[in-house]
Amino acid sequence: MKRVRCLLLPIAVLLAAPVAAGAADQGKITVFAAASLREAFEAAAPAFTQKTGIAVTFNFAGSDTLAAQILQGAPADVFASANENQMKKLADAGALAGAPATFARNRLVGIVPDANPGNVSAIADFARPGVKVVLAAATVPVGSYARAAFARMNGHDGLPADFADRVEKNVVSNELDVKAVATKIALGEGDAGVVYSTDLTASVAAKVKSIAFPPGAAPEATYPIAAVKSAPNAAGAHAFVAFVLHDGQTFLKARGFISP
Amino acid sequence: MIRAATIVASLLLLAFIAVPLAGLFVHLSPAQIAAGLASPVARTALRISLVTTLISLALTLALGTPLAYVLARGDFRGRSVVDAVVDLPIVVPPAVAGLALLLVFGRFGLLGPPLRAIGIELSFTTAAVVMAQIFVASPFYVRAARSGFLAVDRDLEAASATLGMGPLRTFAFVTVPLAAPALLGGAVLCWARALGEFGATIMFAGNLEGISQTLPLAIYLNLENGDISIAIAISVLMIVVSLATILVVRRYERA
């Protein structure tokens, strides 16, 4: 009989685990957030926990990946996206609890490795034949913002009318999120990339040089946040959204984000 | 009681594995799956995957067969260390493999500058895809081949030698045919693992359609917007291929 119990115990645990997870644990929330928010949100989390007693678990990835995960039923309480498209996808699917609110803005910036193997000194150089450009995939917010910026530069300031197409021809990799772009440039694998100014963390900034977009070219990235309708912890989700819109602003500003 | 518990436990795990895989098949109609696979993205990824995995397999056979033979027959100090090194990529996370490749073969990696001096740049190329695949998949072949060679009766090799066959001919006409089931099984497993390679590839070779975007990368990249049908179609294809692989390997294992 003893042996039977040994066998049954793991089965009972297996069966009980999902039930336990399903029972709303009001002491914690899961936040799905754009990869570019990692440093700011991780810095803000202890303050939120201290204020509310709610522990935060993060899932950082490209906003498109996160939106797809939530649409497939991932147990997210809050979604913080790096653009409005991915948030709109959830809103259209009826997956949000209430309207999303913009909590931060971010600037695009070009980066090149410190050694500058591609000899890139201006955004215009991204189109020079042979320059290895690393961007985030067009479905990732920073990838779509970057392409929009290049398109706006078409035919301006003496650039060719097909400037954006020429840059696209130089793209050697479409990375899965903005952090991967920063890594490939910091390692010197790519000659030039586009990230958010907030991605120039101390460790990245030590290995890359940043290049500003011409005034007016780069659209500002808009970050909306919303509680997810199927949130396991609805109250905690709303508390986190409120926190990010108010107290959390300090942490975002400290990391270079612009207030909405 | 024990029997009932055994059955329940078995069924639980079986269902846990089988249901999600089967779920992919019911998500789309066969026509939708065909349309997804016919899309330009899927077709390009299929071409890249086929070309790279076949090159990876050929190189693994050429370099892995001698290595496996040495591991099976050679009696040298440190063989267990070599054994462990060969097996390492099987358990190391693919992302670690990709990072390791990048830090050695990348532009500013250990071998980057000398390679560049002779005009070779590997990162973001199709060659990098092949390297990532060989790194993670070749151990599957070497392991199988090593066991296959170990199982060959050495008396038969000795008999062949007494009949005047040189070592190379003995290897080609006695050892390899006798170990053939293991070699083929290992080759198929190696190829399938290369086909599924994701982490090391995205890390080392990046992701670009027509250059480095293999089927697994295409699945990940197309989990976006309306393209999820393409991701599912490719997934279904990969499950079918994987299932065929397992059936083939089983056959050779039994033979």
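Residues numbered from 1 in each chain as written. Chains lettered and ligands numbered in written order. Predicted model: local features only at pLDDT ≥ 70, side-chain atom pairs only at ≥ 80, totals over all residues.

Helix and strand content of chain B: 12 helices and zero strands. Listing every helix and strand of chain B by position from the N terminus yields α-α-α-α-α-α-α-α-α-α-α-α. Over its C-alpha atoms, taken along the principal directions, chain B stretches across nearly 70 × 65 × 35 Å. Residue pairs in contact within chain B that sit at least 24 positions apart in sequence constitute 77% of those at least 6 positions apart. (Helix = DSSP H or I, 4+ residues; strand = E, 2+ residues; numbered from the N terminus. Contact = placed C-beta atoms within 7 Å.)

Before going further, it helps to examine the pairing of strand β5 (residues 108-113) of chain A. Residues and elements named next belong to chain A. In terms of residue burial, β5 counts as a mostly covered element, since six of its six residues are buried. Side-chain alternation along β5 places Leu108, Gly110 and Val112 on one buried face and Val109, Ile111 and Pro113 on a second face that is also buried. Relative to strand β8 (residues 192-196), β5 runs antiparallel, the two sharing four bridges. Bridging across to β8, Val109 finds its partner in Val195. Alignment of β5 against strand β9 (residues 208-211), held across four bridges, turns out to be antiparallel. Bridged to Gly110 within β9 is Ile211. (Buried ≥ 20, exposed ≤ 12 C-beta atoms within 10 Å, placed from the backbone. Pairing = 2+ DSSP bridges.)

The interface of chain A with chain B comprises 22 residues on the first partner and 21 residues on the second. When residues of the side of chain A that touches chain B are traced back to their parent elements, those giving at least two are α1 (2-22), α3 (63-71) and β7 (171-175) of chain A. The greatest single-element share of the side of chain A that touches chain B, amounting to six residues, is contributed by α1 of chain A. Residue composition of the side of chain A that touches chain B, grouped by class: 12 nonpolar, five polar and five charged. (Nonpolar A, V, L, I, M, F, W, Y, C, P; charged D, E, K, R; others polar.)

Take helix α4 (residues 84-92) of chain A next. Residues and elements named next belong to chain A. Among the residues making up α4, those that are buried are Gln86, Met87 and Leu90. Down the axis of α4, the sector holding all buried residues measures 100°, keeping them to one side. Residues of α4 that are buried sit in contact with α3, β3 (78-80), β4 (96-106), α5 (141-153) and β10 (221-228). In the stretch just after α4, Gly94 is the one whose phi turns positive, near 70°. (Arc of directions from axis to C-beta.)

Residues and elements named next belong to chain A. Split into domains, chain A comes out as domain 1 (2-106 + 221-254) and domain 2 (108-211). Once you take the C-alpha centre of each, domain 1 and domain 2 turn out to be 30 Å apart. Each side of the interface is counted separately: domain 1 has 13 residues, and domain 2 has 16 residues. A per-class count over the side of domain 1 that touches domain 2 returns five nonpolar, six polar and two charged. (Domains from an automatic or database assignment.)

Across chain A, the average pLDDT comes to 88, with 90% of residues at 70 or higher. Low confidence marks residues 1-23 of chain A, where pLDDT is under 50. Its contacts with residues over four positions away, or in another chain, come to 13 contacts. (pLDDT = per-residue confidence, 0-100.)

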